Amino acid sequence: MNLISKPTLLYYVDKYPVASTSLLVWYRDFLKVSFNNFNELKSVYNNASIVANNRVIFNIKGNAFRLIVSINFRKQDTYLIWFGTHKEYDKIDAATIEYIDII
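Residues numbered from 1 in each chain as written. Predicted model: local features only at pLDDT ≥ 70, side-chain atom pairs only at ≥ 80, totals over all residues. Heavy atoms only, no water.

## Topic: the overall build of the chain
Here is step 1: Looking only at helices and strands, the chain has 4 helices and 5 strands in total.
Here is step 2: Secondary structure elements of the chain, listed N to C terminal, follow the sequence β-α-α-α-β-β-β-β-α.
Here is step 3: Going through the 103 residues of the chain one by one, you find that 43% of them count as buried.
Here is step 4: Here the chain has roughly 5800 Å² of accessible surface; of this, 51% comes from carbon and sulfur atoms.
Here is step 5: Taking the average location of the 12 positive side-chain charges in the chain and that of its 9 negative ones, the two points are 4 Å from each other. (Helix = DSSP H or I, 4+ residues; strand = E, 2+ residues; numbered from the N terminus. Buried < 20%, exposed > 50% of the residue type's maximum accessible area, 1.4 Å probe, protein only. Areas by Shrake-Rupley, 256 points an atom, 1.4 Å probe, with all protein chains shown as cover. Lys, Arg positive; Asp, Glu negative; His and termini not counted. Charge placed at Lys NZ, Arg CZ, Asp CG, Glu CD.)

## Some details on the nonpolar core
Here is step 1: Within the largest apolar cluster, 33 residues are counted, with the highest numbers of intra-cluster contacts made by Trp 26, Phe 30, Leu 41, Phe 58, Leu 67 and Phe 83.
Here is step 2: Ranked by residue count, the leading element in this core is strand S4 (residues 65–72), at 5 residues. (Core = buried A, V, L, I, M, F, W, Y, C linked by side-chain atoms within 4.5 Å.)

## A closer look at the packing of helix H1 (residues 6–15) against helix H2 (residues 20–31)
Here is step 1: Where H1 contacts H2, the axes come no closer than 9 Å and their chain directions differ by 155°. Classified by the angle their axes make, H1 and H2 are roughly antiparallel. Note on element contacts: H2 touches H1 through Ser 20, Leu 23, Leu 24 and Tyr 27, opposite Lys 6, Leu 9, Tyr 12 and Val 13. (Axes fitted to C-alpha atoms, helices over the stretch in contact; angles between N-to-C directions. Parallel < 35°, antiparallel > 145°, perpendicular 65-115°, else oblique. Contact = heavy atoms within 4.5 Å.)

## Some remarks on H2
Three- or four-residue spacings in an α-helix give side chains the same orientation, since the helix completes a turn every 3.6 residues.
Here is step 1: Its 12 residues place the ends of H2 17 Å apart at the C-alpha level, agreeing with the 16 Å of an ideal helix rising 1.5 Å per residue.
Here is step 2: For H2, the set of buried residues is Ser 20, Leu 23, Trp 26, Tyr 27 and Phe 30. Looking straight down H2, one finds its buried side chains confined to an arc of 130°; they lie on one side. (Expected span 1.5 Å × (residues − 1). Arc of directions from axis to C-beta.)

## Some points on unusual backbone geometry
Here is step 1: For Lys 61, which is not glycine, the phi dihedral falls at a positive 60°.
Here is step 2: Relative to the helices and strands, Lys 61 resides in the loop between strand S3 (55–60) and S4.
Here is step 3: Lys 61 sits in the partly exposed class, given a relative accessible area of 37%.
Here is step 4: The backbone of Gln 76 shows a phi angle near 65°, a positive value even though the residue is not glycine.
Here is step 5: With respect to the helices and strands, Gln 76 occurs in the loop between S4 and strand S5 (77–85).
Here is step 6: Since its relative accessible area comes to 19%, Gln 76 is described here as buried.

Set out below in structure tokens:
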């Protein structure tokens, strides 16, 4: 898979240093795989959940952090939409939260 928003990933690595290793491990591992659909992804990432707009939620660092990405399976492109603590995640709508260009 291809991560389109790498500067956003690096922003979150700096913003949440306690989760940086876990987030970077997810990134490294995610780049090595390709999926044709959510079912294939789910077979590798069994804790992943899908919501509207092809958005996938990953648990990072156990269940302490949540990562929201949008995946275009046909193009093998992934856009990082949002990352934060589980508590912050509970305050947003994962299906509609907008990507904010932080760079």
